[in-house]
Amino acid sequence: MLELALKNLTRRPLRSLLTLSGLAGAVAFLVCLLAFSESYRSGLRKELDGMGMQLMLVPIGCPFDAAAQVLKGRELETSLPESALAAARRDPDVALASPIFAAALPRPTLGRTDLWVGVDETARQMRAWWKLESGQWPQNPDEVLLGAEAAVTELRKPGDRLYSPELKHTFTVCGVLTRSGTSDDSQFFVPLKTAQTLFKKPGQLTGIAVRLTDPVKLGKASKRLQEIPGAQVVTMTEMIGTFLNLMGAARALMLGVALVAVVIGALSVFNTMLAATLERTRELGVLRALGTGRGGIFALLALEAILLTLLGTLVGFLLARLLGAGVEKLVRPFLPLAPTTPLPPLTLISVGQCLGLMLTVGIVAGALPAWRACRISPSEALKTP
């Protein structure tokens, strides 16, 4: 039966190819969406959980957008007064308060924008993943610590001079960080006071990362810190929940588009199988006349529909594997606080979900043509020219 089903599918190669193409496109889009969603969730939680902080102080405005920009080392239009840092450090439940000053430095001649971040000695305590690949930690105002990617881009190593024409300042590279897979890899770290002076924002901060003595005290500490003038509190738990809700809304929209594509694929399978049934009416009548029961005819047509769907699904998996990186580049800019680690286009969960869905689609799409075929009367079918 399998050999006969395969032979029947190759009778009209162009029609079968078009059906396979539609199915493959729908599957590729769906599997990428499911895989990106799953890996985004796990990557976001891992990246935020590894930051060693329970909350952030950001300028008054949209707290979640501000927190996302600070975590990515991006410049904000508003800033915090440095007095907020002293107030946070005085709180009895604050174990560590680390100031952050981030500024974007456009470099139009090179077609890129560099991210410069001013930090103090608490940065190493807050960022537990920081390890030196070479060199030493900054000790002087004119020293710069490079992320792994920034060092490669600038072709610099510890001891080298780094001149910034935009800032009109020469730095000495004191060290290079080990690649961490976070946004730190592409950033330039300088002493806090140096960054504030160079970007003409003395006494201003982009944000303050806060680690508590006991995470259980988060609620009470947040209420007290919320009273600091010019600052608002964003907890990591709130950030994760908000971003996952945003992702859920975007995922629902994209999932709807993917399901429409799947429905179109199902209709193409239905149309292909129905056309095949009409074309083979006489052949099916001969099979009935030779003793093949209705169950056998139904099984043959259902098997053809399943094989067609299965082949389209496998081709879709292959497309997702080949085009996943390109799709990721298109999707990543629209994901809030997207993890810097690659989002794999294929996971066992997404493959299993898509495979189960498409097999169901194949069975449902082939059911009516198969039922119609098994109802053919041999005598009537043999009269068909």
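Residues numbered from 1 in each chain as written. Predicted model: local features only at pLDDT ≥ 70, side-chain atom pairs only at ≥ 80, totals over all residues. Heavy atoms only, no water.

Q: Quick one: what's the story with the overall build of the protein, residue by residue and with numbers?
A: Helix and strand content of the protein: 13 helices and 12 strands. Within the protein, the proportion of its 385 residues that are buried is 46%. Counted over contacts in the protein with a minimum sequence separation of 6, partners at least 24 positions apart contribute 79%. Here the protein displays about 18,700 Å² of accessible surface, and carbon together with sulfur accounts for 64% of that area. (Helix = DSSP H or I, 4+ residues; strand = E, 2+ residues; numbered from the N terminus. Buried < 20%, exposed > 50% of the residue type's maximum accessible area, 1.4 Å probe, protein only. Contact = heavy atoms within 4.5 Å. Areas by Shrake-Rupley, 256 points an atom, 1.4 Å probe, with all protein chains shown as cover.)

Q: So what's going on with the confidence of the model for the protein? Which residues, and what values?
A: Averaged over all residues, the pLDDT of the protein is 79; the fraction at 70 or higher stands at 75%. Here helix α3 (residues 63–71) stands out as the element of the protein with the lowest mean pLDDT, 46, in contrast to strand β6 (residues 143–146), whose mean of 97 is the highest. For residues 62–68, every residue scores under 50 in pLDDT, and the model assigns this stretch 18 contacts once sequence neighbours within four places are set aside. This model gives residues 70–76 a pLDDT under 50, and the stretch forms 36 contacts once residues within four places in sequence are excluded. (pLDDT = per-residue confidence, 0-100.)

Q: Before we move on, can you summarise the environment of Phe317 with the specific residues and values?
A: Secondary-structure assignment places Phe317 in helix α11 (residues 294–331). Sequence-wise, Phe317 and Val27 are 290 residues apart; in three dimensions their C-alpha atoms are separated by 6.9 Å.

Q: Give a description of the packing of aromatic side chains that names residues and reports values.
A: In the structure shown here, the tally under the stated rule is five aromatic pairs. Each ring, one from Trp130 and one from Phe189, has its centre 4.8 Å from the other, and the planes form 70 degrees; the classification is edge-to-face. Taken together, the residues Trp130 in the loop between α5 (123–126) and β5 (132–135) and Phe189 in strand β9 (residues 187–191) connect sequence positions 59 residues apart. Take Trp130 and Phe189: they sit in the same class, and that class is buried. In textbook terms, an aromatic cluster arises when at least three aromatic residues are bridged by ring pairs, as seen for Trp116, Phe171 and Phe188. (Phe/Tyr/Trp six-rings, centres within 6.5 Å; stacked < 30°, edge-to-face > 60°.)

Q: So what's going on with the nonpolar core? Which residues, and what values?
A: Ranked by internal contacts, the top residues of the largest apolar core, which has 37 residues, are Leu57, Trp116, Val144, Ile208 and Leu225. In terms of residue count, strand β3 (residues 94–107) provides more of this core than any other element does, five residues in total. Val269, Met273, Leu300 and Leu301 belong to the second-largest nonpolar core, a separate cluster that totals 30 residues. (Core = buried A, V, L, I, M, F, W, Y, C linked by side-chain atoms within 4.5 Å.)

Q: Account for the pattern of salt bridges, naming residues and giving values.
A: A full pass over the atoms with the stated rule returns 13 salt bridges. Asp120 is the salt-bridge partner of Arg89, the closest N and O atoms lying 3.1 Å from each other. Of this pair, Arg89 sits in helix α4 (residues 83–90) while Asp120 sits in the loop between β4 (112–119) and α5, and the two are 31 residues apart along the sequence. By relative accessible area, Arg89 is classed as partly exposed at 38%. Assessed through its relative accessible area of 18%, Asp120 is described here as buried. Ionic contacts of the salt-bridge type, sharing partners, join the residues Arg107, Arg112, Asp114, Glu154 and Glu166 into one network. (Salt bridge = Lys/Arg side-chain N within 4 Å of Asp/Glu carboxyl O.)

Q: Just give me the short version of helix α8 (residues 218–225), but keep the residues and values in it.
A: For an α-helix, 3.6 residues make a turn, and residues three or four places apart therefore share a direction. Of all the positions in α8, only Leu218, Ala221, Ser222 and Leu225 are classed as buried. Buried residues of α8, viewed axially, fall in a sector of 100 degrees; they line one side. Exposed residues pointing more than 90 degrees away from the buried face of α8 are listed as Lys220 and Lys223. Elements in contact with the buried residues of α8: β1 (55–59), α4, β3, β11 (207–212) and β12 (231–235). (Arc of directions from axis to C-beta.)

Q: Could you give an account of unusual backbone geometry, with specific residues and numbers?
A: Within the chain, Leu155 stands out as a residue other than glycine whose phi angle is a positive 55 degrees. Leu155 sits in the exposed class, given a relative accessible area of 70%.

Q: Describe the environment of Thr272, and please don't skip the residues or the numbers.
A: Inspection of the secondary structure puts Thr272 in helix α9 (residues 236–279). The spacing of Thr272 and Ala305 is 33 residues in sequence and 8.8 Å in space, taken between C-alpha atoms. In this view, Thr272 contacts Arg15, Thr19 and Leu308; residues no more than four positions away in its chain are not counted.

Q: Which residues make up the pairing of β1, and what values go with them?
A: The buried fraction of β1 amounts to five of the five residues, a majority that puts the element mostly inside the structure. Taken together, the five bridges between β1 and β12 define a ladder with antiparallel strand orientation. Its bridge partner being in β12, Val58 is matched across the sheet by Gln232. (Pairing = 2+ DSSP bridges.)

Q: Can you break down helix α12 (residues 348–374) residue by residue, with the values?
A: Look at α12: 37 Å from first C-alpha to last across 27 residues, which is about the 39 Å you get at 1.5 Å a residue. Along its length, α12 reaches its greatest deviation from straightness, about 40 degrees, at Ala367, and the proline Pro369 lies no more than four positions downstream. Residues of α12 that are buried include every one of Ser350, Cys354, Met358, Val361, Gly362, Ala365, Gly366, Pro369, Ala370, Ala373 and Cys374, and no others. (Expected span 1.5 Å × (residues − 1). Bend = angle between axes of the 7 residues up to and from the residue.)

Q: So, the pairing of strand β7 (residues 161–164): which residues are in play, and what are the values?
A: Consecutive residues of a regular strand have side chains that alternate between opposite faces of the sheet. Side chains Leu162 and Ser164 of β7 all project onto a buried face; the interleaved residues Arg161 and Tyr163 project onto a face where none is buried. Across four bridges, β7 lies against strand β8 (residues 169–177) in antiparallel orientation. Bridge assignment links Leu162 to a residue of β8, and that residue is Phe171. Hairpin connection, β7 to β8: the antiparallel pair is bridged by four residues, and Lys168 has positive phi, about 55 degrees.

Q: Help me get a handle on the side chain of Thr272, residues and values and all.
A: Judged by relative accessible area, which is 6%, Thr272 ranks as buried. Here the side chain of Thr272 touches Ser268 through a polar contact of 2.8 Å, landing on its backbone oxygen. (Polar contact = N/O pair within 3.5 Å; in protein donor to acceptor, adjacent residues only side chain to side chain.)

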